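Here's the letter readout for the chains.
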Protein chains: 2
Amino acid sequence: MALATEILSDRWTLLILREAFYGVKRYDDMRSDLGIPRSVLTERLKRLVEFGIFIREPYREAGARTRYAYGLSQKGAELGLPILALMQWGDKHINQNEPAIEILDRKSGKRQFVALVGDDAKATKLADVRIAVL
Amino acid sequence: MALATEILSDRWTLLILREAFYGVKRYDDMRSDLGIPRSVLTERLKRLVEFGIFIREPYREAGARTRYAYGLSQKGAELGLPILALMQWGDKHINQNEPAIEILDRKSGKRQFVALVGDDAKATKLADVRIAVL
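These notes cover the structure that comes with them. (Residues numbered from 1 in each chain as written. Chains lettered and ligands numbered in written order. Predicted model: local features only at pLDDT ≥ 70, side-chain atom pairs only at ≥ 80, totals over all residues. Heavy atoms only, no water.)

**With respect to the nonpolar core**
In terms of nonpolar packing, the biggest core is built from 62 residues, with A:I16, A:F54, B:I16 and B:F54 touching the most fellow members. If sequence neighbours within four positions are ignored, A:F54 has contacts with A:I16, A:L17, A:A20, A:M30, A:L45, A:L48, A:V49, A:Y70, A:G71, A:L72 and A:S73. (Core = buried A, V, L, I, M, F, W, Y, C linked by side-chain atoms within 4.5 Å. Buried < 20%, exposed > 50% of the residue type's maximum accessible area, 1.4 Å probe, protein only. Contact = heavy atoms within 4.5 Å.)

**Regarding the packing of aromatic side chains**
Residues and elements named next belong to chain A. Enumeration over the complete set of coordinates arrives at two aromatic pairs over all chains. Each ring, one from F54 and one from Y70, has its centre 6.2 Å from the other, and the planes form 75 degrees; the classification is edge-to-face. Of this pair, F54 sits in strand β1 (residues 54-59) while Y70 sits in strand β2 (residues 67-72); the two residues are 16 residues apart in sequence, bridging distant segments of the chain. For the pair shown, F54 and Y70 are each scored as buried. (Phe/Tyr/Trp six-rings, centres within 6.5 Å; stacked < 30°, edge-to-face > 60°. Helix = DSSP H or I, 4+ residues; strand = E, 2+ residues; numbered from the N terminus.)

**Thoughts on the pattern of salt bridges**
Residue and element names in this part refer to chain A. As enumerated under the stated definition, the model contains twelve salt bridges over all chains in all. For K46, the salt bridge identified is with E50, shortest N-O distance 3.3 Å. Placement of both K46 and E50 in helix α4 (residues 38-50) is noted, with a separation of four residues, approximately one turn of the helix. For the pair shown, K46 and E50 are each scored as exposed. A salt bridge links E102 to R111; the shortest N-O distance between them is 4.0 Å. When its relative accessible area of 21% is taken as the criterion, E102 is described as partly exposed. (Salt bridge = Lys/Arg side-chain N within 4 Å of Asp/Glu carboxyl O.)

**Some remarks on the interface of chain B and chain A**
Facing the 45 residues of chain B at the interface are 45 residues of chain A. Between chain B and chain A, a total of about 3,900 Å² is buried, with carbon and sulfur atoms accounting for 72% of that surface. Scanning the region where chain B abuts chain A turns up two salt bridges. For A:E78, the salt bridge identified is with B:K92, shortest N-O distance 3.0 Å. On the surface where chain B and chain A come into contact, there are 13 residue pairs in polar contact (both at pLDDT 80 or more). For the side of chain B that touches chain A, the secondary structure elements donating two or more residues are α1 (2-8), α2 (11-21), α5 (74-77), α6 (80-93) and β4 (112-118) of chain B. A total of eleven residues in the side of chain B that touches chain A trace back to one element, the largest contributor, which is α6(B). (Buried area = accessible area lost by both parts, 1.4 Å probe. Polar contact = N/O pair within 3.5 Å; in protein donor to acceptor, adjacent residues only side chain to side chain.)

**Quick look at the pairing of strand β4 (residues 112-118) of chain A**
The element β4(A) is extensively covered by neighbouring structure, given that six of its seven residues are classed as buried. Pairing between β4(A) and β4(B): seven bridges, direction antiparallel. Looking at the pairing, A:V117 lines up with B:F113 of β4(B). (Pairing = 2+ DSSP bridges.)

**Structural notes on helix α6 (residues 80-93) of chain A**
Note that an α-helix has 3.6 residues per turn; residues three or four places apart therefore point the same way. Residue and element names in this part refer to chain A. Here α6 is 14 residues long and its end C-alpha atoms lie 20 Å apart, about the 20 Å a rise of 1.5 Å per residue gives. Of all the 14 residues making up α6, twelve are buried; the element is thus mostly covered by neighbouring parts of the structure. Those residues of α6 lying buried are G80, L81, P82, I83, L84, A85, L86, M87, W89, G90, D91 and H93. (Expected span 1.5 Å × (residues − 1).)

Below, the structure is given as structure tokens:
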């Protein structure tokens, strides 16, 4: 549990991961969305790449220097489940049942929940849901 | 997400919560199980009581002074789901699919998993599972 704790132990790291789950990949977009200091963002992303959570990819727009984007690895993407479980808990117990997010199946639009189930249950893939911020 | 992060952000806090999920309630038992310094345990428990995660209950054995036990509130007990999700992720991605724990239904003995499901899925109650440490 030590590494998992280390990853989730930092407020900025969680916010960076949330950006990633919302589909934000580029360094500059993360920085402006979060208002995070450059030195902090660079350091956190470096550690997340070392942990195998993000994969760093160079990209280049015409006339500009090379910049970097950060895509979630499978390992990183699957951190979505504990984080959603945490948000669901927060919605119930911190926000007094006034949910801040809804997890919706992309196709059916039906609400999804994080739950404990037997291995015969039909699980929804993380890639098949979208998070609606209320 | 801020409070949830604050709670899970601390290695000792997570270990104390894990003790609680294993059924340990008494201050002295937690202290000897974890080898945690008295000052640290006292401070963490105080915060967890303030957050409404633990309920502090005095108890007294014959001839001894009053001591304290810490029971999980419902809010605290339901933190079990994000923590199990985190352990499940760690088993897959940190322990290379060599699980450190199994979540077993107390009655059927069947393995349970944390997953994303529709609201028609039959969820297993946290109280109905036990954690087998492998």
